[in-house]
Amino acid sequence: MLIQSKPSWTIREGQETPESIYMNRRSLMKGFAGALAAGCVGGLSARVFAQEGRARLDAPRNEAYRLDRELTPEEVNLTYNNFYEFGAHKRISGNAESNLVPRPWTVEIDGLVNTPMTLDVDELIAKVGGLEERLYRLRCVEAWSMTVPWIGFPVSALVNLADPLSGAKYLRMETFNDADMANGIRSQPWYPWPYVEGMSMAEANNELAFMVVGAYGKQVSNSMGAPIRLHLPWKYGFKSIKSIVRFTFTEERPVSFWEEISDGREYGFWANVNPEVPHPRWSQATETVLHTQERVPTLLYNGYGEQVADLYSGMEGELLFR
Ligand SMILES: Nc1nc2c(c(=O)[nH]1)N[C@H]1C(S)=C(S)[C@@H](COP(=O)(O)O)O[C@H]1N2
Ligand SMILES: [Mo]
């Protein structure tokens, strides 16, 4: 399924990524080395232990979704995040763990559907049927990548539950908008809160589109978007919206958070990964694998072209790759 890449990459860091990200990555790696040397009693490990309150989630692994790379260690995924509601930097996990309250959590399903509903996230999880684990890549637009053992259910199960009307062309999703829970909402009033994302109905019904409620055998952490977030592995990470409170089926294409901020110039609606289409300010040809610092080639559709390329046939005129 994924194209096997040979491990012949040279390590070149920081050249295409913004300086702040490079600096954060360096201090992260220094933090790990230090924690190991000191027998693991740094602030980083303390935060990881704080996560142990999350419930275990046992879900069978779906072997159709495998990786040709090793998994990113859990501590890295828990503590290196993009979640602007908690700040415009990578080290938001302490803030998110202390202040995001992921349960009880109400989710609304509305818009062009036969069955609008307001329900608790655990009720939603019960209604869609079984959970499964899938190993997926995550490629951030900032040219770093991770791999994650996500637990969740196909977005198509939510579509079936909502039973959309024929006029529904897009699924719009919205993150919570509570400045008491996330102080970045108040301190960064220039952003168009709440965080909004969207996908076409064809994308929502693609087998790869995944609603995430867990990772690493547990409920998903606050920092990674508890209690429910999206993962679209063939798109840049910003499409995979966290801590969703609302799913709206619409005829009109929604304008997503980063699309609105950049007026479509830097971040578009489709945002499919393509190594040959640079971001206006850096190349997308390669990516840094976060925990090893290896610089590896980026693959078209992040390696998932076989499953998704057909979604875009006939759409060549659109800005598909940023
Ligand atoms: N609500 C919300 N969702 C979000 C973001 C955000 O800032 N707010 N950041 C996005 C970006 S840019 C990326 S790369 C992924 C990061 O997910 P992770 O922190 O679990 O790796 O979340 C995406 N979802
Ligand atoms: Mo990202």
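Preceding block: the structure.
Residues numbered from 1 in each chain as written. Chains lettered and ligands numbered in written order. Predicted model: local features only at pLDDT ≥ 70, side-chain atom pairs only at ≥ 80, totals over all residues. Heavy atoms only, no water.

A. A look at the pairing of strand β1 (residues 106–111). With four bridges connecting them, β1 and strand β2 (residues 117–120) associate as antiparallel partners. For Thr106, the partnering residue across the bridge sits in β2 and is Asp120. Once β1 ends, the chain turns through five residues before running back antiparallel as β2. Sheet analysis places β1 next to strand β10 (residues 244–250), joined by four bridges and oriented parallel. Each bridged residue has a counterpart across the sheet, and for Gly111 the counterpart in β10 is Phe249. (Pairing = 2+ DSSP bridges. Helix = DSSP H or I, 4+ residues; strand = E, 2+ residues; numbered from the N terminus.)

B. Molecular detail of the environment of Phe249. In this structure, Phe249 sits in strand β10. Sequence separation between Phe249 and Ala162 is 87 residues, and the spatial gap between their C-alpha atoms is 8.8 Å.

C. The environment of Gly237, seen in detail. With respect to the helices and strands, the residue Gly237 is situated in the loop between β9 (229–231) and β10. Leave out the neighbours within four places in its chain, and Gly237 touches Leu138, Arg139, Cys140 and Val141. (Contact = heavy atoms within 4.5 Å.)

D. Structural view of the side chain of Thr288. Relative to the assigned elements, Thr288 resides in strand β11 (residues 286–289). Taking relative accessible area as the criterion, Thr288 reaches 0% and is therefore assigned buried. One polar contact links Thr288 to Arg295, side chain to side chain, over a distance of 2.5 Å. (Buried < 20%, exposed > 50% of the residue type's maximum accessible area, 1.4 Å probe, protein only. Polar contact = N/O pair within 3.5 Å; in protein donor to acceptor, adjacent residues only side chain to side chain.)

E. How the structure looks around the pattern of salt bridges. Applying the stated criterion across every chain yields a total of 20 salt bridges. Where Glu74 meets Arg54, a salt bridge forms, and the shortest distance between an N and an O atom there is 3.9 Å. Of the two residues, Glu74 is situated in helix α3 (residues 74–79) and Arg54 in the loop between α2 (43–50) and α3; the sequence distance between them amounts to 20 residues. For the pair Glu74 and Arg54, a shared accessibility class is recorded, and that class is buried. Salt-bridge contacts for Glu142 lead to Lys90; the nearest nitrogen and oxygen are separated by 2.8 Å. Of the two residues, Glu142 is situated in the loop between β3 (132–139) and β4 (144–154) and Lys90 in the loop between α3 and α4 (93–99); the sequence distance between them amounts to 52 residues. A single burial state applies to Glu142 and to Lys90, both of which are buried. (Salt bridge = Lys/Arg side-chain N within 4 Å of Asp/Glu carboxyl O.)

F. Summary view of helix α6 (residues 155–162). Along α6, the positions that sit buried rather than exposed are Val155, Ala157, Leu158, Val159 and Ala162. One or two residues past the end of α6 sits Asp163, with phi positive at roughly 55°.

G. Just the packing of aromatic side chains, in detail. Applying the stated criterion across every chain, the model contains 24 aromatic pairs. Here the aromatic rings of Tyr84 and Trp258 are separated by 5.0 Å at their centres, their planes lie at 85°, and the arrangement is edge-to-face. On the criterion of sequence distance, the pair formed by Tyr84 in the loop between α3 and α4 and Trp258 in helix α9 (residues 257–261) is long-range, its members being 174 residues apart. There is no split in this pair, since Tyr84 and Trp258 are both buried. Ring centres 5.8 Å apart and planes at 85° place the aromatic pair Trp105 and Phe176 in the edge-to-face group. (Phe/Tyr/Trp six-rings, centres within 6.5 Å; stacked < 30°, edge-to-face > 60°.)

H. View of the sheet that holds β10. Ordered by their spatial adjacency, five strands build an open sheet running β2-β1-β10-β5-β6, and the pairing between neighbours is mixed. Taken across any chain shown, the strands that pair with only one partner, and hence form the sheet edges, are β2 and β6 (196–200). Along the sheet, successive strands turn relative to each other by an average axial angle of 15°, direction set aside. (Axes fitted to C-alpha atoms, helices over the stretch in contact; angles between N-to-C directions.)

I. Representation of the site of ligand 1. Surrounding ligand 1, one finds 17 residues, the nearest of these being Tyr84, Glu85, Arg229, Ser240 and Lys242. Within the backbone of Tyr84, a nitrogen or oxygen atom sits 2.7 Å from an oxygen atom of ligand 1. In this structure, a nitrogen atom belonging to ligand 1 sits 2.9 Å away from a side-chain N or O atom of Glu85. Across the shell around ligand 1, the residue classes tally to nine nonpolar, five polar and three charged. (Near = heavy atom within 4 Å. Nonpolar A, V, L, I, M, F, W, Y, C, P; charged D, E, K, R; others polar.)

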